[in-house]
2 protein chains.
Amino acid sequence: METKQAISFCMNKINYVAIVGGTHGNEFTGVYLIKKFEQDLNLVKRPSFETLTLLGNPEAFKESRRYIDQDLNRSFFSQDLQNSTLTGYEQVRAKVIEKMLGPKGKSQVDVIIDLHSTTANMGLSILLGELHPFTLQLAAYLTSINPEIKVCYTQGQKSNLLRSLCDFGFAIEVGPVPQAVLSTELFQKTEELVYAVLDYLERSNQGIIENINSPLTVYRYASVIDFPRNEHGEIKAMIHPQLEFQDYQALHPGDPIFLTFDGKTIAFEGTSTVYPIFINEAAYYEKGIAMCLTEKQQLEVIPT
Amino acid sequence: METKQAISFCMNKINYVAIVGGTHGNEFTGVYLIKKFEQDLNLVKRPSFETLTLLGNPEAFKESRRYIDQDLNRSFFSQDLQNSTLTGYEQVRAKVIEKMLGPKGKSQVDVIIDLHSTTANMGLSILLGELHPFTLQLAAYLTSINPEIKVCYTQGQKSNLLRSLCDFGFAIEVGPVPQAVLSTELFQKTEELVYAVLDYLERSNQGIIENINSPLTVYRYASVIDFPRNEHGEIKAMIHPQLEFQDYQALHPGDPIFLTFDGKTIAFEGTSTVYPIFINEAAYYEKGIAMCLTEKQQLEVIPT
């Protein structure tokens, strides 16, 4: 396991926080949390900053689908936002959302919390983009109050995600829950987590955040693995029973990873231990992803 | 609990059995079992009868959706099958399927096994239509070899289900599994169950079926309950945490059934104990069904 040091930093005041749900129309946890917050904005108001709430993809929600024309949460590349020839529903919606929360790179919004759910057994996960001491401190705080929370990040990619509109955008990803189903337990846990984030941001503005000195475990996106497929692109194996629901557990070279329909085990051919996440996520079949592989790291989070 | 006696009967030879999967395009267990069987028909061939396999809704499967225009498994009313003005994808597909497996009421096919999955915690369930001593004996046999199997039935309804094309049609309904996800464990359990049915039918033809004398527990569909909704038709409460995943468990008058978004418990207002199934099934939100209520009965299954 790699150990890294995050640099120290000086954080400006947070003025605007956006909470987005239903960026994918069939992820109901976020949709119904946004509806709840919009019924009573006091729940998400804090004294020192403004909180905006947004239902990301209302048309897809009406149809209980992830998206209408294309994945909204892959529609935020800068060049696509500036391309007036892109007129699909989500392409236009991304531009509308950029108007509300952007512009990308120079956003008025300081923090975006994008609420997602997954069919994978991801528990309560925080998905960060580039590491920044501020979001790391926040993540370290959240894991300190709830050790079940896992923290993931992606490095060095130009991002087409909604949360890339601002520097401190992150996703709360909860599972397992089927698409188009509202899980009461995950609704409640996500709600609690959103309040914990807002309270932390409030204390940050007041200069009274707790310093976390213990190392933070993070999972860095390394690669993805597709299902074995035949010449027609059809899957010809399933997640191996030993790997089903084992998100965040170590997968060693040679461990069973898939099981063919006629019962043959396929072993993981990697050369080092990885930690799969998003195992068997419904929406990723069409993306050619059976799971994402991450590397587990320990980060020393520098007190502010 | 009500106790009933089934009448004895004399069963003709079974000549044709049809196994259908993917009647709903996003229920992958059945889809991939059909693909497996079609790769190696020996798996489902038995000496004394013909076995047909059919992918119910291939277009919906391509899009990982339950259906394209309407629910195929609600498209088999006799009058709809005879109505040439109905031209939606599933309306036409139902007529094609009736040509292959029907005609309804006078089907060449003796038994239809329709493979379904659900996001509800239904385990391994057998869904029968009208009770018939033959299917009851089969169900009693299946529960005798696997006590986890539950048996449900509907009485006195004109059926628009695919399996209503023949007298001995039934569904195997397995869950919980998200839509558009292949669960390896449920794939394997369903496959085993299909073979057990086929082997039973083979022995029935040979006149060597085992008589089951012990009473059979069955769950009779009584009614459905919708989520509480606001004036716009939007749900305003979730399944109560105490009821989530509690399919087939007793629900007594006064027990918690829903939880509003602001945390108020709604109690079950029924006057007798019921046994909910299909709790929080994704596809039923649009049908106005939060769960189906059943009555638990003991049936004396008469040996043949």
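This one's a predicted model, so the numbers in the text were calculated from it and none came from an experiment.

Asks: So what's going on with the overall build of chain A? Which residues, and what values?
Replies: For chain A, the helix and strand inventory stands at six helices and 13 strands. Relative to the compact-globule value of 19 Å for 304 residues, chain A shows a C-alpha radius of gyration of 19 Å, a close match. For chain A, the residues scored as buried account for 57% of the 304 residues in total. Long-range pairs, those at least 24 residues apart, make up 74% of the contacts in chain A between residues at least 6 apart in sequence. For chain A, the accessible surface area stands at approximately 12,700 Å², while carbon and sulfur atoms represent 48% of it. The averaged location of the 36 negative side-chain charges in chain A is 4 Å from the averaged location of its 26 positive side-chain charges.

Asks: Explain the relation of the copies chain A and chain B to me, and be specific about the residues and the numbers.
Replies: The operation relating the pair of chain copies consists of a rotation about an axis and a translation along that axis. Superposition record for chain A on chain B: RMSD 0.0 Å, screw rotation 180°, translation along axis 0.0 Å. The operation mapping one copy onto its partner corresponds to a two-fold rotation axis. For chain A, the minimum C-alpha distance to the rotation axis belongs to P178 of chain A and amounts to 2.1 Å.

Asks: So, a nonpolar patch on the surface: which residues are in play, and what are the values?
Replies: On the surface, V92, V96 and M100 of chain A cluster together into a nonpolar patch covering about 230 Å² of accessible area. Mapping V92 of chain A onto the fold places it in helix α4 (residues 89-101).

Asks: Break down the interface of chain A and chain B for me, with residues and values.
Replies: On the side of chain B, 28 residues touch chain A, which itself brings 28 residues to the contact. Regarding the contact of chain A and chain B, the summed buried area is about 2,400 Å², with carbon and sulfur atoms giving 61% of it. Sorting the residues of chain A by area buried against chain B places T184, M238 and F261 of chain A first, and these three jointly supply 22% of that buried surface. Connecting chain A to chain B are two salt bridges. Between E234 of chain B and K35 of chain A there is a salt bridge; the shortest N-O distance is 2.7 Å. Applying the counting criterion to the chain A and chain B interface returns 14 residue pairs in polar contact (both at pLDDT 80 or more).

Asks: I'd like a description of the sheet that holds strand β11 (residues 265-267) of chain B, backed by residues and values.
Replies: The strands making up a sheet associate through backbone hydrogen bonding, with each pair oriented either parallel or antiparallel. Residues and elements named next belong to chain B. Read across the sheet, three strands follow the order β9-β10-β11 without closing on themselves; strand pairing throughout is antiparallel. Each edge of the open sheet carries a strand with a single partner, namely β9 (237-239) and β11. Ignoring which end each strand starts from, the neighbouring axes of this sheet average 35° apart. Both strand β10 (residues 256-260) and β11 contribute to a ladder of three bridges, which runs antiparallel. The partner of L259 across the bridge, within β11, is T265.

Asks: Please set out unusual backbone geometry residue by residue, giving values where relevant.
Replies: All names here are of chain A. Cis geometry marks the peptide bond from G102 to P103; its omega dihedral reads 0°. Along the chain, the position of P103 falls in the loop between α4 and β4 (111-117). The omega torsion of the bond from G175 to P176 falls at 5°, within 30 degrees of zero and hence cis. The residue Y248 is not glycine, and still its phi comes out positive at about 70°. Relative to the assigned elements, Y248 resides in the loop between β9 (237-239) and β10 (256-260).

Asks: Which residues make up the pairing of strand β5 (residues 123-128) of chain A, and what values go with them?
Replies: All names here are of chain A. The element β5 is largely enclosed, with a buried count of five among its six residues. Pairing analysis gives six bridges linking β5 to strand β7 (residues 168-175), with the strands arranged antiparallel. Each residue of the ladder has a partner; that of G123, found in β7, is G175. The sheet contact formed by β5 and strand β6 (residues 150-153) spans four bridges and is parallel. Bridging from a neighbouring strand, I126 pairs with V151 of β6. Taken together, β5, helix α5 (residues 133-145) and β6 constitute a β-α-β crossover, and its handedness is right-handed.

Asks: Tell me about helix α1 (residues 28-39) of chain A, residues and numbers included.
Replies: All names here are of chain A. Between its first and last C-alpha atoms α1 spans 16 Å; for twelve residues at 1.5 Å apiece the expected length is 16 Å, and the two agree. For α1, the buried fraction is high: nine of the twelve residues fall into the buried class. If you check which residues of α1 are buried, you get F28, T29, G30, V31, Y32, L33, I34, K36 and F37. For α1, the secondary structure elements touched by its buried residues are β2 (16-21), β3 (50-55), α2 (58-62), β4, β7 and α6 (184-205).

Asks: Can you break down the side chain of E281 of chain A residue by residue, with the values?
Replies: Residues and elements named next belong to chain A. Looking at where E281 falls in the secondary structure, it is placed in the loop between β12 (275-277) and β13 (291-300). The buried charged residue E281 lacks any salt bridge partner; its closest oppositely charged side chain belongs to R66, at an N-O distance of 4.3 Å. For E281, the side chain forms a polar contact with the main-chain nitrogen of A283, separated by 2.9 Å. Once residues within four sequence positions are removed from consideration, E281 is found in contact with R66, T118, T119, A120 and Q179.

Asks: Outline the domain arrangement of chain A, supporting the account with residue identities and numerical values.
Replies: Residues and elements named next belong to chain A. Along its sequence, chain A is organised into domain 1 (2-217) and domain 2 (225-285). Each side of the interface is counted separately: domain 1 has 13 residues, and domain 2 has eleven residues. Between domain 1 and domain 2 lies a buried interface of about 1,000 Å² when both sides are counted; carbon and sulfur atoms form 59% of it. The three residues of domain 1 that bury the most area against domain 2 are T119, N121 and M122, which together make up 41% of that side's buried surface. Across the contact surface, domain 1 and domain 2 share seven residue pairs in polar contact (both at pLDDT 80 or more). When contributions to the side of domain 1 that touches domain 2 are tallied by element, the ones reaching two or more residues are β5 and β6. The class makeup of the residues in the side of domain 1 that touches domain 2 is four nonpolar, five polar and four charged.

Asks: An account of the sheet that holds β10 of chain A is requested, with residue identities and associated values reported.
Replies: Residues and elements named next belong to chain A. Pairing is antiparallel across the open sheet formed by three strands, whose spatial order is β9-β10-β11. Each of the sheet's edge strands pairs with one partner strand only, and the pair in question is β9 and β11 (265-267). Averaged over all adjacent pairs, the angle separating strand axes in this sheet is 35°, with direction ignored.

Asks: Could you give me a rundown of the packing of aromatic side chains, with the residues and numbers involved?
Replies: All names here are of chain B. As enumerated under the stated definition, the model contains 28 aromatic pairs over all chains in all. Both rings, one in Y32 and one in F61, keep their centres 5.8 Å apart while their planes meet at 80°; by these two values the pair is edge-to-face. In this pair, Y32 is assigned in helix α1 (residues 28-39) and F61 in helix α2 (residues 58-62), connecting sequence segments 29 residues apart. For Y32, a relative accessible area of 5% gives the class buried. With 4.8 Å between their ring centres and 40° between their planes, F227 and Y285 make a pair best called tilted.

Asks: Let's hear about the side chain of R46 of chain A: which residues, and what values?
Replies: Residues and elements named next belong to chain A. Structurally, R46 can be placed in the loop between α1 and β3. On the accessibility criterion, R46 (15% relative accessible area) is buried. At a separation of 3.0 Å, a polar atom in the side chain of R46 contacts the main-chain carbonyl oxygen of L43. If we ignore the near neighbours within four places in the chain, the residues touching R46 are Y195, L198, D199 and E202.

What counts and how
Residues numbered from 1 in each chain as written. Chains lettered and ligands numbered in written order. Predicted model: local features only at pLDDT ≥ 70, side-chain atom pairs only at ≥ 80, totals over all residues. Heavy atoms only, no water. Helix = DSSP H or I, 4+ residues; strand = E, 2+ residues; numbered from the N terminus. Rg over C-alpha atoms; globule rule 2.2 N^0.38 Å. Buried < 20%, exposed > 50% of the residue type's maximum accessible area, 1.4 Å probe, protein only. Contact = heavy atoms within 4.5 Å. Areas by Shrake-Rupley, 256 points an atom, 1.4 Å probe, with all protein chains shown as cover. Lys, Arg positive; Asp, Glu negative; His and termini not counted. Charge placed at Lys NZ, Arg CZ, Asp CG, Glu CD. Least-squares fit on C-alpha atoms with pLDDT ≥ 70 in both. Patch = residues over 30% accessible without salt bridge, like charges linked within 9 Å, V, L, I, M, F, W, Y side chains within 5 Å. Salt bridge = Lys/Arg side-chain N within 4 Å of Asp/Glu carboxyl O. Buried area = accessible area lost by both parts, 1.4 Å probe. Polar contact = N/O pair within 3.5 Å; in protein donor to acceptor, adjacent residues only side chain to side chain. Pairing = 2+ DSSP bridges. Axes fitted to C-alpha atoms, helices over the stretch in contact; angles between N-to-C directions. Right-handed = clockwise from strand over helix to strand, strands pointing away. Expected span 1.5 Å × (residues − 1). Domains from an automatic or database assignment. Nonpolar A, V, L, I, M, F, W, Y, C, P; charged D, E, K, R; others polar. Phe/Tyr/Trp six-rings, centres within 6.5 Å; stacked < 30°, edge-to-face > 60°.

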